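What the coordinates show
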Amino acid sequence: METLEQIRDRIVAKFGADTVTLITNPGPSAQHSLLLVAHAARDIARFLHDDPALRLDYCSNATGVDWPDKEIVETVKTTQPDPAGGPDKVVETKTKRIQPGCLEAVYHLYSIALKSAEPVIIRMRTANRTDDVTLPSLTPVWRSCEFQEREIYDLYGIVFTGHPDLRRILMWDEFKDHPMRKDYVGPDDYEWEPTPHGEVLERAKAHYPTPPASTSPKSEE
Amino acid sequence: MRRQGVLLTSFAEIYNWGRANSIWPLQFGLACCAIEMICVAAARFDIARFGAEIFRASPRQADLMIMNGTVTKKMLPQVVRLWNQMGEPKFCIVMGACASSGGPFREGYNVVKGIDRFIPVDVYVPGCPPRPEALLHGLMEIQKKMREEPLTGPDAPRYFRKDTTCEYPIPEFGEHDLVPPYNSELWKPPAPIVREGK
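What counts and what doesn't
Residues numbered from 1 in each chain as written. Chains lettered and ligands numbered in written order. Predicted model: local features only at pLDDT ≥ 70, side-chain atom pairs only at ≥ 80, totals over all residues. Heavy atoms only, no water. Axes fitted to C-alpha atoms, helices over the stretch in contact; angles between N-to-C directions. Helix = DSSP H or I, 4+ residues; strand = E, 2+ residues; numbered from the N terminus. Parallel < 35°, antiparallel > 145°, perpendicular 65-115°, else oblique. Left-handed = near helix turned anticlockwise from the far one by under 90°. Contact = heavy atoms within 4.5 Å. Nonpolar A, V, L, I, M, F, W, Y, C, P; charged D, E, K, R; others polar. UniProt positions renumbered as here; feature names shortened; annotations may be inferred. Expected span 1.5 Å × (residues − 1). Buried < 20%, exposed > 50% of the residue type's maximum accessible area, 1.4 Å probe, protein only. Arc of directions from axis to C-beta. Polar contact = N/O pair within 3.5 Å; in protein donor to acceptor, adjacent residues only side chain to side chain. Patch = residues over 30% accessible without salt bridge, like charges linked within 9 Å, V, L, I, M, F, W, Y side chains within 5 Å. Areas by Shrake-Rupley, 256 points an atom, 1.4 Å probe, with all protein chains shown as cover. Salt bridge = Lys/Arg side-chain N within 4 Å of Asp/Glu carboxyl O. Pairing = 2+ DSSP bridges.

Residues and elements named next belong to chain B. Between helix α1 (residues 11-20) and helix α5 (residues 132-147), the shortest axis-to-axis distance is 8 Å and the interhelical angle comes to 160°. Of the possible angle classes, the one that applies to α1 and α5 is roughly antiparallel. The two elements α1 and α5 meet at a crossing, and its hand is right-handed. On the side of α1, the interface is formed by Asn16, Arg19 and Ala20, while α5 contributes Gln143, Met146 and Arg147. Split by residue class, the contact of α1 with α5 holds two nonpolar, two polar and two charged.

If you check UniProt for "domain: NADH:ubiquinone oxidoreductase 30kDa subunit" (unreviewed entry), the listed places come out as residues 40-187 of chain A in our numbering. The straight-line gap between the two end C-alpha atoms of residues 40-187 of chain A is 39 Å; of that span, 15% is helix and 36% is strand.

In this section: α5 of chain B. All names here are of chain B. Taking 1.5 Å per residue as the helical rise, α5 with its 16 residues ought to reach 22 Å, and the 23 Å between its terminal C-alpha atoms agrees with that figure. Considered for burial, the residues of α5 that qualify are Pro132, Leu135, Leu136, Gly138, Leu139, Ile142, Gln143 and Met146. For α5, the arc enclosing every buried residue in end-on projection is 155°, short of the 170-degree limit, so these residues lie on one face.

Mapped onto the elements of the fold, histidine 176 of chain B is located in the loop between β4 (172-173) and β5 (178-179). Measuring from C-alpha to C-alpha, the distance between histidine 176 of chain B and tyrosine 109 of chain B comes to 9.1 Å, with 67 residues separating the pair along the chain. When sequence neighbours within four positions are dropped, the list of residues in contact with histidine 176 of chain B reads Phe175, Lys176, Asp177 and Pro187 of chain A. Of note is the side chain of histidine 176 of chain B, whose polar atom sits 2.7 Å from the side chain of aspartate 177 of chain A.

Before going further, it helps to spend a moment on a nonpolar patch on the surface. Among the surface-exposed residues, Leu7, Phe11, Ile14 and Trp17 of chain B lie close enough to one another that they form a single nonpolar patch of about 480 Å² accessible area. Along the chain, phenylalanine 11 of chain B turns up in helix α1.

The next point concerns the environment of aspartate 50 of chain A. Residue and element names in this part refer to chain A. Within the element layout of this structure, aspartate 50 appears in helix α2 (residues 38-50). A relative accessible area of 45% places aspartate 50 in the partly exposed class. In the structure, aspartate 50 is positioned 91 residues away from valine 141 in sequence and 9.6 Å away in space, judged by C-alpha atoms.

Residue and element names in this part refer to chain B. At a minimum axis distance of 9 Å, the contact between helix α2 (residues 33-41) and α5 shows a crossing angle of 75°. Judged on the interaxial angle alone, α5 and α2 are roughly perpendicular. Mapping the contact onto sequence places Glu36, Met37, Cys39 and Val40 in α2 and Pro132, Leu135 and Leu136 in α5. Taken together, the residues that form the contact of α2 with α5 break down as six nonpolar, no polar and one charged.

As a further point, take the sheet that holds strand β1 (residues 20-23) of chain A. All names here are of chain A. Ordered in space as β1-β2-β7-β6-β3, the five strands form an open sheet in which the pairing is mixed. Of all the strands in the sheet, the pair left with one neighbour each is β1 and β3 (58-67). For this sheet, the mean inter-axis angle between neighbouring strands, taken without regard to orientation, is 25°. In this sheet, strand β7 (residues 120-125) lies alongside strand β2 (residues 33-36) in parallel orientation, the contact comprising four bridges. In the sheet register, leucine 34 faces β7, and the bridge partner there is isoleucine 122. Contacts from α2 reach β2, β6 (102-110) and β7, with the element oriented near 130° to β2. Strands in contact with helix α3 (residues 145-155) are β3 and β6; relative to β3, the strand with the most contacts, it is inclined by about 10°.

So, about the pattern of salt bridges. Residues and elements named next belong to chain A. Under the criterion given, the structure shown has 18 salt bridges over all chains. Measuring nitrogen to oxygen at the nearest pair gives 2.6 Å for the salt bridge that ties glutamate 2 to arginine 10. Using a relative accessible area of 22% as the deciding quantity, one classes glutamate 2 as partly exposed. Since its relative accessible area comes to 26%, arginine 10 is described here as partly exposed. Residues joined in a network through salt bridges with shared partners are Glu2, Arg10 and Asp51.

Have a look at this one:
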């Protein structure tokens, strides 16, 4: 099996330099992946499926990832000469910027024909999380993506163009939310529980007034 | 007199004796507790010893619903519809933590926090999942309840009374949750217990 760098170079040679990016995974699993540009993704997927050296004929897993807007604080250190003649001062300037979030679809590809052991992971990202959430469906290439892309559509809200039957699969059709998104707020059908903790405790406080503070003096221990 | 072949009894007693020993449960599985229920029906635990071995595939022919497993909100209207389709007299055993209270999935967005929000429950069988013996004990409790049930008077079952309905409303699928989220005639949110000094 070719390495991911070799696959990337061949995609670049065939489809252009801006169609694919190698995303490295710094974790111990070191599962690096290829980020495909949405408009060329279908053709690249077909290439990965048909290429005689790769023959990635099996998509074992398709899933979604939600990347919310992220605030990034950049610290720039500049040295300013001290007019009094002392050592140079180091001034830190902090700039905040919002990294826009996106929705992502991740596919794990294997080759049954070539008995590949490691998956080739490809990703696609939407432009944003609100209105431009379309991605090309890879179901025409790998039939096993059909239900999993429906699940991504259901839980994350990515709209797959070219999907043969894009409906909700787990939640009911009238449901409006996408529960796996990070900003999803569940229905507030909280009831009193004897031992609330964590998030439940916060919600309990919103529902019920805090119990009156203890008036009996605590034993000194 | 009994030696002479004469049996003196009340109608209610013989009626309750009859139905308590031929319970027909609904063949209905929701999640992993259903495996335990199947186990109860098989040779080792053998629910047939209690006369309840005829699992009916149709709610019209069943008189015991064993709620076994997680009830998702998407499944709930079908569950209530099946319950409504069962003929009276009917009983309900809730089996396992999920069906009783939502269990480990209680905080989830898609799980009903206990089936007793929508249909009346006679016996709760705790466990995750309960042992088959626990379900058999639940069945024996149902039998006990059947034998002690008066047919007339203020304690008569709901189908003999004029003031109660046997039809339970089926909730609709809403945009965020089931509408209504619980049957307010059956279930009320419990009040918080404020302990002194805590």
